[in-house]
Amino acid sequence: MFGLNPGDRVLAVAPHPDDETLGAGGTIARLTAAGIDVHVLAVACLTQPRWGTSTDSRLRYEEFHAACDVLGVSGRTIVWSDDSRATNLAGHSADLVRLIEAGRDLSLTALKPAALLIPAAGSVHQDHQVVHQAAYAAARPSGSLRHWPRMVLGFHGPEDHAWSPAPPRATVWVDVTSTAAVKDKALACYARELRDHDHPRSLERIRAIDSMAGAGCGTERAEAFVAYRMAC
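Now for a quick tour of the structure. This one's a predicted model, so the numbers in the text were calculated from it and none came from an experiment.

Bringing the overall build of the chain into the picture now. When you go through the chain residue by residue, the secondary structure sums to eight helices and nine strands. Once the C-alpha set of the chain is aligned to its principal axes, its extents read approximately 50 × 45 × 35 Å. Relative to its 232 residues, the chain shows a buried fraction of 53%. A sequence separation of at least 24 residues applies to 78% of the contacts in the chain between residues at least 6 apart. Taken as a whole, the chain presents about 10,100 Å² of accessible surface, with 51% of it coming from carbon and sulfur. Separation between the mean location of the 23 positive side-chain charges and that of the 26 negative ones in the chain comes to 5 Å.

Structure (structure tokens):
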């Protein structure tokens, strides 16, 4: 898959716990099933009012680990949980670049991944825009000075398909028909973060997005990515 071999590493950077599953859960499940070592770095999580209720960082932490277990993810962490930096990612973009580039545990320097999955540019969510810019900068080619992944792929969230005015056009499709049930099971771990069936973040609409991507490449369900670097 992508020219990767068992034992190769992939780092997925998610703005929040759940974005890795919403945008790339089927692909992550395919990678781990093929023996690829996938790690997820979730950036921010807050306890705060939202959608008429409230979020709880402790529960989000539990949901995140449960979903990662379902997907077969190896290492996983939430770096800024109920942290002042999590309330203003844009004000800490330089810290975020350094974190992705050379953080102690899950980073390009620590893992030396062959591939990096990041939020695609053009997201409707401002936090996703900041994380995209930071991850893109962290993955810049640098010769032999430090590790940089030979593949960088951007994933979209469900709201991006519905509300972003002109998201970048996908150029890579991954057939996730065989892992669709795994993705659905991982999404169920985030039931509190999903919405009713008429919302892009509903299970029905997420499946429809994957079905639409699948129709474009002749499969039942697929996930679409923007290729920022493909050097297989």
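Okay, the packing of aromatic side chains next. A complete count under the given rule lists one aromatic pair for this structure. A ring pair is formed by Tyr136 and Tyr228, whose centres lie 5.5 Å apart and whose planes are at 80°; its orientation type is edge-to-face. Here Tyr136 is found in helix 5 (residues 126-138), whereas its partner Tyr228 is found in strand 9 (residues 222-230), with 92 residues between them in sequence. A residue is classified by how much of its surface remains accessible, and Tyr228, at 26% relative accessible area, is partly exposed.

Right, let's get into the environment of Val97. In this fold, Val97 is placed in helix 3 (residues 93-102). The class for Val97 is buried, based on a relative accessible area of 18%. Between the C-alpha atoms of Val97 and Leu111, which are 14 residues apart in sequence, the distance is 15 Å. The residues touching Val97, leaving out its near neighbours within four places in the chain, are Ala134, Ala137, Ala138 and Arg140.

Now for the environment of Val43. Positionally, Val43 belongs in strand 2 (residues 37-45). Setting aside its immediate chain neighbours within four residues, Val43 contacts Val13, Ala14, Pro15, Ile78, Val79, Trp80, Leu89, Leu96 and Val131.

Spatially, 5-2-1-6-7-9-8 is the arrangement adopted by the seven strands of the open sheet, whose pairing is mixed. A strand with exactly one partner marks an edge of an open sheet, and here the two such strands are strand 5 (76-81) and strand 8 (172-175). On average, adjacent strands in this sheet sit at an angle of 25° to one another, irrespective of strand direction. Bridge analysis of strand 1 (residues 9-14) against strand 6 (residues 115-119) gives three bridges, and the strand direction is parallel. Its bridge partner lying in strand 6, Ala12 is registered against Leu117. Docked against the sheet, helix 3 engages strand 1, strand 2 and strand 5, running at close to 160° with respect to strand 5.

Here the focus is the pairing of strand 2. Remember that side chains alternate between the two faces of the sheet whenever the strand is regular. By the criterion of burial, strand 2 is predominantly enclosed, with nine of the nine residues buried. Bridge analysis of strand 1 against strand 2 gives six bridges, and the strand direction is parallel. If you follow Val13 over to strand 2, its bridge partner there is Leu41. After leaving strand 1, the chain enters helix 1 (residues 19-33) and then returns to the sheet as strand 2, a path that is right-handed. Sheet topology places strand 2 next to strand 5; five bridges connect them, and they run parallel. Looking across to strand 5, one finds that Leu41 is bridged to Thr77.

If you walk through the whole model with that rule in mind, you get one cavity of 30 Å³ or more. One number sums up the size of the largest cavity: a volume of about 50 Å³. Every residue along the wall of the largest cavity is listed here: Asp19, Leu22, Gly23, Pro119, Ala120, Ser123, His128, Phe155, His156, Gly157, Pro158 and Asp160. For the lining of the largest cavity, the element with the highest residue contribution is helix 1, accounting for three residues.

Basis of the calculations
- Residues numbered from 1 in each chain as written.
- Predicted model: local features only at pLDDT ≥ 70, side-chain atom pairs only at ≥ 80, totals over all residues.
- Heavy atoms only, no water.
- Helix = DSSP H or I, 4+ residues; strand = E, 2+ residues; numbered from the N terminus.
- Buried < 20%, exposed > 50% of the residue type's maximum accessible area, 1.4 Å probe, protein only.
- Contact = heavy atoms within 4.5 Å.
- Areas by Shrake-Rupley, 256 points an atom, 1.4 Å probe, with all protein chains shown as cover.
- Lys, Arg positive; Asp, Glu negative; His and termini not counted.
- Charge placed at Lys NZ, Arg CZ, Asp CG, Glu CD.
- Phe/Tyr/Trp six-rings, centres within 6.5 Å; stacked < 30°, edge-to-face > 60°.
- Pairing = 2+ DSSP bridges.
- Axes fitted to C-alpha atoms, helices over the stretch in contact; angles between N-to-C directions.
- Right-handed = clockwise from strand over helix to strand, strands pointing away.
- 1 Å grid on protein atoms, 1.4 Å probe; cavity = no way out; pocket = protein on both sides within 12 Å on 5 of 7 lines; lining within 4 Å.
- Points joined across faces, edges and corners; volume = space filled by probe spheres on them.

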